Amino acid sequence: MKAKVHVTLKNGVLDPQGKAVEHALGTLGFAGVGEVRIGKYIELELTDAAEKSKENIENMCKQLLANTVIENFDVEIVE
């Protein structure tokens, strides 16, 4: 069983890495790209001993995987 976690910056939080990528894409000639936002993708392989509840994974995100002051996260459990 796996947990897939997507971490993204909250709206209104500046994203300098996204701005750099946005600028670089324009410089390379890729037209039609608007705002670029950079996030994180985390995949957790859950063992039989691990609690497999979505709530447990959300607690991991709140305590370590995401900075909840400036980031949002979304958890998906897949078998």
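Residues numbered from 1 in each chain as written. Predicted model: local features only at pLDDT ≥ 70, side-chain atom pairs only at ≥ 80, totals over all residues. Heavy atoms only, no water.

With an unreviewed UniProt entry as reference, the protein is termed Phosphoribosylformylglycinamidine synthase subunit PurS, source organism Terasakiella brassicae. Quoted verbatim from the Catalytic activity (unreviewed entry) field of the UniProt record, the comment on the protein reads "N(2)-formyl-N(1)-(5-phospho-beta-D-ribosyl)glycinamide + L-glutamine + ATP + H2O = 2-formamido-N(1)-(5-O-phospho-beta-D-ribosyl)acetamidine + L-glutamate + ADP + phosphate + H(+)". Regarding the protein, the UniProt comment filed under Subunit (unreviewed entry) reads as follows: "Part of the FGAM synthase complex composed of 1 PurL, 1 PurQ and 2 PurS subunits." (UniProt positions renumbered as here; feature names shortened; annotations may be inferred.)

S.K.: Help me understand the overall build of the protein, please; the structure alone is not making it clear to me.
M.R.: Broken down by element type, the protein carries 2 helices and 3 strands. Its C-alpha atoms give the protein a radius of gyration of 16 Å, clearly above 12 Å, the size a compact globule of 79 residues would have. When each of the 79 residues of the protein is scored for burial, the buried share is 22%. Excluding contacts between residues fewer than 6 apart, the proportion of contacts in the protein whose partners are at least 24 apart in sequence is 68%. Summed over its atoms, the accessible surface of the protein is roughly 5700 Å², and 53% of this surface lies on carbon and sulfur atoms. Averaged over its 9 positive side-chain charges, the protein has a centre that lies 4 Å from the centre of its 13 negative ones. (Helix = DSSP H or I, 4+ residues; strand = E, 2+ residues; numbered from the N terminus. Rg over C-alpha atoms; globule rule 2.2 N^0.38 Å. Buried < 20%, exposed > 50% of the residue type's maximum accessible area, 1.4 Å probe, protein only. Contact = heavy atoms within 4.5 Å. Areas by Shrake-Rupley, 256 points an atom, 1.4 Å probe, with all protein chains shown as cover. Lys, Arg positive; Asp, Glu negative; His and termini not counted. Charge placed at Lys NZ, Arg CZ, Asp CG, Glu CD.)

S.K.: Even after reading the chapter, I still don't get the environment of leucine 65, so can you show me in this structure?
M.R.: Tracing the chain through its elements places leucine 65 in helix H2 (residues 54–65). Classification of leucine 65 by relative accessible area gives buried; the value is 17%.

S.K.: I tried to follow the pattern of salt bridges on my own but got confused; where do I start?
M.R.: Once their charged atoms are close, side chains differing in charge can pair, the charge on each being opposite to the other. Within this structure, the stated rule accounts for 4 salt bridges. Residue arginine 37 pairs with glutamate 35 through a salt bridge whose shortest N-O separation is 3.9 Å. Classification of glutamate 35 as exposed rests on a relative accessible area of 60%. With a closest N to O distance of 3.8 Å, glutamate 71 and lysine 40 form a salt bridge. (Salt bridge = Lys/Arg side-chain N within 4 Å of Asp/Glu carboxyl O.)

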